[in-house]
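Geometric and topological summary
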Amino acid sequence: MMKYNSLSYDEKIDFFEWIAFDENPYLWDMANDADKDVRLYLAEKLASYKNAKSEQLLLHLISDQSDIIRANACDSIYCSESTEVLNLLLVKAKNDMYLVRGYAILSIADILPNLNDDSYMKDLNELYLKKKVCGLVCVIINHFIDWDSKSI
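Everything numeric in this text was worked out from a predicted model, so none of it was measured. (Residues numbered from 1 in each chain as written. Predicted model: local features only at pLDDT ≥ 70, side-chain atom pairs only at ≥ 80, totals over all residues. Heavy atoms only, no water.)

Moving on to the confidence of the model for the protein chain. Detailed reading of the predicted coordinates is not advisable wherever pLDDT falls low. Taken over all residues, the pLDDT of the protein chain has a mean of 85, while the share at 70 or more is 80%. Across the protein chain, helix α5 (residues 67–76) holds the top mean pLDDT of 98, while helix α9 (residues 135–144) sits lowest at 56. (pLDDT = per-residue confidence, 0-100. Helix = DSSP H or I, 4+ residues; strand = E, 2+ residues; numbered from the N terminus.)

Here I69 lies in helix α5. On the accessibility criterion, I69 (0% relative accessible area) is buried. With 32 residues separating them in the primary sequence, I69 and D37 have C-alpha atoms 8.8 Å apart. If we ignore the near neighbours within four places in the chain, the residues touching I69 are K36, R39, L40, A43, L61 and D64. (Buried < 20%, exposed > 50% of the residue type's maximum accessible area, 1.4 Å probe, protein only. Contact = heavy atoms within 4.5 Å.)

Turning our attention to the packing of α5 against helix α7 (residues 98–115). Direction vectors running N to C along α5 and α7 enclose 5°, while the axes themselves pass 8 Å from each other. In terms of orientation, α5 and α7 fall into the roughly parallel class. Touching D67, I68, R70, A71, C74 and D75 of α5 are L99, V100, Y103, A104 and S107, all from α7. The residue inventory of the contact of α5 with α7, partitioned by class, reads 7 nonpolar, 1 polar and 3 charged. (Axes fitted to C-alpha atoms, helices over the stretch in contact; angles between N-to-C directions. Parallel < 35°, antiparallel > 145°, perpendicular 65-115°, else oblique. Nonpolar A, V, L, I, M, F, W, Y, C, P; charged D, E, K, R; others polar.)

Set out below in structure tokens:
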């Protein structure tokens, strides 16, 4: 097997596309690659994989040093059914830069209905009232959540 660090960008991408996801030995190497374009590619492509391994990789990428990678990871994890993921997205929605907050909120809007857990309404209401997210995203939240029927 080739040494991962000796591969070019194109070879790393080819290995991602050619090797079956569950058999790919390079996924964590890609998630920690010094080249942010490799990490960005991985964050975008992981949206297509709905399993525990992809979720763990995305949880790692949500804390990446690059804001664009964090934003893409937040966007790609939209199909999770995990409270761990939801809690991390709430932290990102409250405390990260603008773009990351927006994608975190969009994924929260996708995840929350699947959890059927009203305990997060207070956190969402706080985000809404403090205008920690852009107006359009607040409208999206209101579309998904009937505030009158939820106790906060």
